[in-house]
Amino acid sequence: MSITPLMPVYPRCDVRPVRGENCHLISEDGRRFLDFASGIAVNLLGHSHPALIDAIQRQAATLMHVSNLYGSPQGEALAKQLVDLTFADTVFFTNSGAEAVECAIKTARIYHQSAGAQDRFEIITFNNAFHGRTMATISASNQEKMHNGFYPMLPGFRHVEFNDLEAAKAAIGPNTAGFLVEPIQGEGGIRVATEEFLQGLRKLAGEHDLMLILDEVQCGVARTGTFYAYEQYGIEPDILATAKGIGGGFPLGACLATEKAARGMTFGTHGSTYGGNPLAMAAGKAVLDVVGNDEFLAQVRASGEKLRGRLEQFIGNYPDLFSEVRGKGLMLGLKLKVESRPFVAHLRDHHGLLAVAAGDNVMRVLPPLVIEDDHIDEFMEKLSAGAAPYSPEAVS
Ligand SMILES: *Cc1c(COP(=O)(O)O)cnc(C)c1O
């Protein structure tokens, strides 16, 4: 037998973390890494945050799981917290991002179909998007590398160019149910939606009675310096998918919606065995208690500006290696002129620095939101040391 017990769908590197300490990870062989990947935008509070550990330990000892057949004081409280912090009137809890997007797609379809419009099922999505790995969420993306071997794709998705408002407008037809878009494409390479684009989609959705669904699974929950990224565009969605950071490392996601958008989501239309269980709710509450306030968000914006300023100054010394810094808050990307994957591997293997490669030759910089100045200093030192051999003629 040559297949590994762990299904070999990931090309795993030889860093094998066994322990986390705030913004660092320690591997099985004792090496120490600065973690500016955060489990891909998950560990908002870093590793081993006392409030999160305490909340999970207490809840685990009290009540871990009950069925959604019963009342949920824990779920009601966290849903209320999210409703108070956002555009939303109602929340469905999931265990992952893909499930949150699935719920968002179902919510958009039933919005129309519960009102008798059976033919309004099509969601317009955008090139290079990533929405998850389920059949519906891979169908929602135009990326063939995720489709190959899994045909047929689910019908009902139409892909157009990101940041191209005219293309989105032209794609609207009698079957259209809504738009699904990431305000900042994460896997696609930290590609930021323009104001004109998101505001334009909002306006089109209003004019054509379409659902504007935002996928904030990666960019949401304080990552960009506001609680959700849409706040920086002066718009509100009808439906929003959130996950990754919201559990701080505990598997948790949610689909948020306005009362109007959720009009079809009535008894028996949707469900999940684990979704919203008390343990996940405790983790979510612990995270929101830390990040869901103006002081914390201001801190994220300040750290983001500091890091971005340092990066911009730094790349000026390496014009043959980097071309730009992108992103918002602490969701940053360095666009490289060399391949990003080997560069990220070089930083990891030789300089003890973890970042994440993304599409469009971008290196994602996604630190825990609790970083302090000395983490930024350490990051810049490791990055400089890693960049030097790549660029012999560098200015400094
Ligand atoms: C990661 C991600 C998903 C999928 O989340 P999973 O928890 O892996 O299912 C969906 N959308 C975006 C934008 C993501 O970054």
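Looking at an unreviewed UniProt entry, one finds the protein chain named Acetylornithine aminotransferase, with Croceicoccus marinus as its source organism. Entered under Subunit (unreviewed entry) in the UniProt record, the comment concerning the protein chain runs "Homodimer." The Pathway (unreviewed entry) field of the UniProt record for the protein chain holds the comment "Amino-acid biosynthesis; L-arginine biosynthesis; N(2)-acetyl-L-ornithine from L-glutamate: step 4/4."

A.B. asks: So what exactly am I meant to see when it comes to empty space enclosed by the protein here?
C.D. replies: Here the idea is plain: a probe the size of a water molecule rolls over the atoms and shows the empty space left. As enumerated under the stated definition, the model contains 1 cavity of 30 Å³ or more in all. Lining the largest cavity are 13 residues, and of these V66, S67, N68, G276 and N277 lie nearest its centre. Here the residues of the lining of the largest cavity are counted per class, giving 4 nonpolar, 9 polar and no charged.

A.B. asks: I'm lost on the site of the ligand in this one. Help?
C.D. replies: Taken together, S96, G97, A98, F130, H131, G132, E182, D215, V217, Q218 and K244 make up the full set of residues near the ligand. Q218 places a side-chain nitrogen or oxygen 2.7 Å from an oxygen atom of the ligand. Between the ligand and the protein, one listed contact pairs an oxygen atom with a side-chain N or O atom of K244 at 2.6 Å. Coverage of the ligand by the protein chains reaches 82% of its 390 Å² of free accessible surface. In terms of residue class, the shell around the ligand is made up of 3 nonpolar, 5 polar and 3 charged.

How each quantity is defined
Residues numbered from 1 in each chain as written. Predicted model: local features only at pLDDT ≥ 70, side-chain atom pairs only at ≥ 80, totals over all residues. Heavy atoms only, no water. UniProt positions renumbered as here; feature names shortened; annotations may be inferred. 1 Å grid on protein atoms, 1.4 Å probe; cavity = no way out; pocket = protein on both sides within 12 Å on 5 of 7 lines; lining within 4 Å. Points joined across faces, edges and corners; volume = space filled by probe spheres on them. Nonpolar A, V, L, I, M, F, W, Y, C, P; charged D, E, K, R; others polar. Near = heavy atom within 4 Å. Polar contact = N/O pair within 3.5 Å; in protein donor to acceptor, adjacent residues only side chain to side chain. Areas by Shrake-Rupley, 256 points an atom, 1.4 Å probe, with all protein chains shown as cover.

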